[in-house]
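Residue-level structure breakdown
Listed here are the chains, written in short residue letters.
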Amino acid sequence: MAVNLAENNYGESRVRLLRVVRQEGRHDIKELTVGIRFEGDFEAAHTKADNKKILPTDTMKNSVYAIARQYPVEAVEDFALHLIEHFLTYNDQVSRVRVEMTESPWSRIPHGAKPHAFAFTAAARQEKRLATLIGTRDGTTIRAGIRGLDVLKTAKTAFDGFLRDPYTTLKADRDGILATTIQADWLYEGDEVEFSPLWHGARQTLLETFAEHDSKSLQHTLYAMGEAVLDTFDRIGEIHLSLPNKHFNLVDLAPFGMDNPGEVFLPTDEPYGLIEATLRRE
């Protein structure tokens, strides 16, 4: 039986580091988790037990720390670009490098009337800043995004006029709670992108649109959020949003002789709806 090696890649996952930039009177930190994947001429390692073209994954890990020492890691995308350049320069057998970055944000602890110079808190650890870069010798595609950004609003929400079949029990809702966890990633276009200002701007646009949009469904709000980002930032050519519909069910207080005019709700984790879409600029 003839067997061909169709596709293959290898790399190092979950390389973690904390980068401290020490300046007079102020320290800055970045906590990152890095994943690296190589594609290229590695068939001999699989079929002939020949490792001459295999860079050890331990070397990939070491490279992350060495490159981090050389640069301040001001934006995760810039750090990923340095890694891609390094790997493509020293590995002719590699045709494609994929680097995934996850940033765990830290904020400064308040100290009197201003933030502390070198003490931080991780109160918002669920939210992550992401970057995924795929580099070849012909160019690099750069995607950035957000995971774990929880949002909720108690007005400008509705869901009615939906399809019903014999098993539909859901009632129309015109004054409930809309809650989700924003999972978003977008594609950068053009040269000399200012990554951090764009990322913070896109995040703020997503939040403001969610808050102010007169929602008729989570699909309706998802489209408005994506459209607002594309309308505001011409360096973003595409955005993908994945929004779980986090349910807060109105508690029935009638058995206790009480009404409940939209004031007491039961949060439920599972099951949940999941709404996803990709919007592209024409």
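Residues numbered from 1 in each chain as written. Predicted model: local features only at pLDDT ≥ 70, side-chain atom pairs only at ≥ 80, totals over all residues. Heavy atoms only, no water.

1. So, the packing of helix H2 (residues 57–70) against helix H3 (residues 76–90)
When two helices pack together, their arrangement is captured by the angle between the axes and the distance separating the axes. Between H2 and H3, whose axes approach to 10 Å, the crossing angle comes to 125 degrees. Comparing the axis directions of H2 and H3 gives the class oblique. Of the two possible hands of crossing, H2 and H3 adopt the one that is right-handed. Residue-level contacts link Met-60, Ser-63, Val-64, Ile-67 and Ala-68 of H2 to Phe-79, His-82, Leu-83, His-86 and Phe-87 of H3. Of the residues in the contact of H2 with H3, the class split is seven nonpolar, three polar and no charged. (Axes fitted to C-alpha atoms, helices over the stretch in contact; angles between N-to-C directions. Helix = DSSP H or I, 4+ residues; strand = E, 2+ residues; numbered from the N terminus. Parallel < 35°, antiparallel > 145°, perpendicular 65-115°, else oblique. Left-handed = near helix turned anticlockwise from the far one by under 90°. Contact = heavy atoms within 4.5 Å. Nonpolar A, V, L, I, M, F, W, Y, C, P; charged D, E, K, R; others polar.)

2. Considerations on the side chain of Thr-209
One can find Thr-209 in helix H4 (residues 195–212). For Thr-209, a relative accessible area of 16% gives the class buried. (Buried < 20%, exposed > 50% of the residue type's maximum accessible area, 1.4 Å probe, protein only.)

3. Remarks on the pattern of salt bridges
Where charged atoms from two side chains of opposite charge approach closely, those side chains can pair. Scanning all chains against the criterion turns up 18 salt bridges. Note that Glu-100 is salt-bridged to Arg-98, the shortest N-O span being 2.9 Å. Classification of Glu-100 as partly exposed rests on a relative accessible area of 37%. The closest approach of N and O atoms between Lys-156 and Glu-212, which form a salt bridge, is 3.4 Å. Placement of the pair is Lys-156 in the loop between strand S7 (139–153) and strand S8 (178–188) and Glu-212 in helix H4, with a sequence separation of 56 residues. Ionic contacts of the salt-bridge type, sharing partners, join the residues Arg-143, Asp-185, Glu-238 and Arg-280 into one network. (Salt bridge = Lys/Arg side-chain N within 4 Å of Asp/Glu carboxyl O.)

4. Structural notes on the side chain of Thr-205
Position of Thr-205 among the secondary structure elements: in helix H4. Of note is the side chain of Thr-205, whose polar atom sits 2.9 Å from the backbone oxygen of Gly-201. Ignoring sequence-local partners within four residues, the contact set of Thr-205 consists of Ala-228, Val-229, Thr-232 and Phe-233. (Polar contact = N/O pair within 3.5 Å; in protein donor to acceptor, adjacent residues only side chain to side chain.)

5. Overview of unusual backbone geometry
The residue after Glu-270, namely Pro-271, is reached through a cis peptide bond having omega -10 degrees. Non-glycine residue Arg-14 carries a positive phi angle of around 55 degrees. Tracing the backbone through its elements, the reader meets Arg-14 in strand S1 (residues 10–23). For Lys-156, which is not glycine, the phi torsion reads 55 degrees and is therefore positive. Take Lys-156: its relative accessible area is 41%, and that puts it in the partly exposed class.

6. Details of the nonpolar core
One finds Val-34, Phe-38, Met-101, Trp-186, Tyr-188 and Leu-206 to be the most contacted residues of the largest nonpolar core, which totals 57 residues. Among the elements that make up this core, the one with the highest residue count is H3 (seven residues). Setting aside residues up to four positions removed in sequence, Val-34 forms contacts with Glu-12, Ser-13, Arg-14, Val-15, Leu-17, Val-64, Leu-83, Val-99, Glu-100 and Met-101. (Core = buried A, V, L, I, M, F, W, Y, C linked by side-chain atoms within 4.5 Å.)

7. Describing H3
Here H3 contains 15 residues, and its C-alpha end-to-end distance of 22 Å stays within 8% of the 21 Å for a straight helix at 1.5 Å per residue. Looking at H3, one finds that the buried residues are Val-76, Glu-77, Phe-79, Ala-80, Leu-83, Ile-84, Phe-87 and Leu-88. In an axial view of H3, the angular spread of the buried residues amounts to 160 degrees, which keeps them on one side of the axis. Facing away from the buried surface of H3 by more than 90 degrees, the exposed residues are Glu-85 and Tyr-90. (Expected span 1.5 Å × (residues − 1). Arc of directions from axis to C-beta.)

8. Here's the deal with the environment of Thr-157
In this structure, Thr-157 sits in the loop between S7 and S8. Between the C-alpha atom of Thr-157 and that of Ser-215, which follows or precedes it by 58 residues, the distance is 4.9 Å. Setting aside chain neighbours within four positions, we find Thr-157 in contact with Arg-174, Asp-175, Gly-176, Ile-177, Leu-178 and Ser-215. Among the polar contacts made by the side chain of Thr-157, one reaches the main-chain carbonyl oxygen of Gly-176 at a distance of 2.8 Å.

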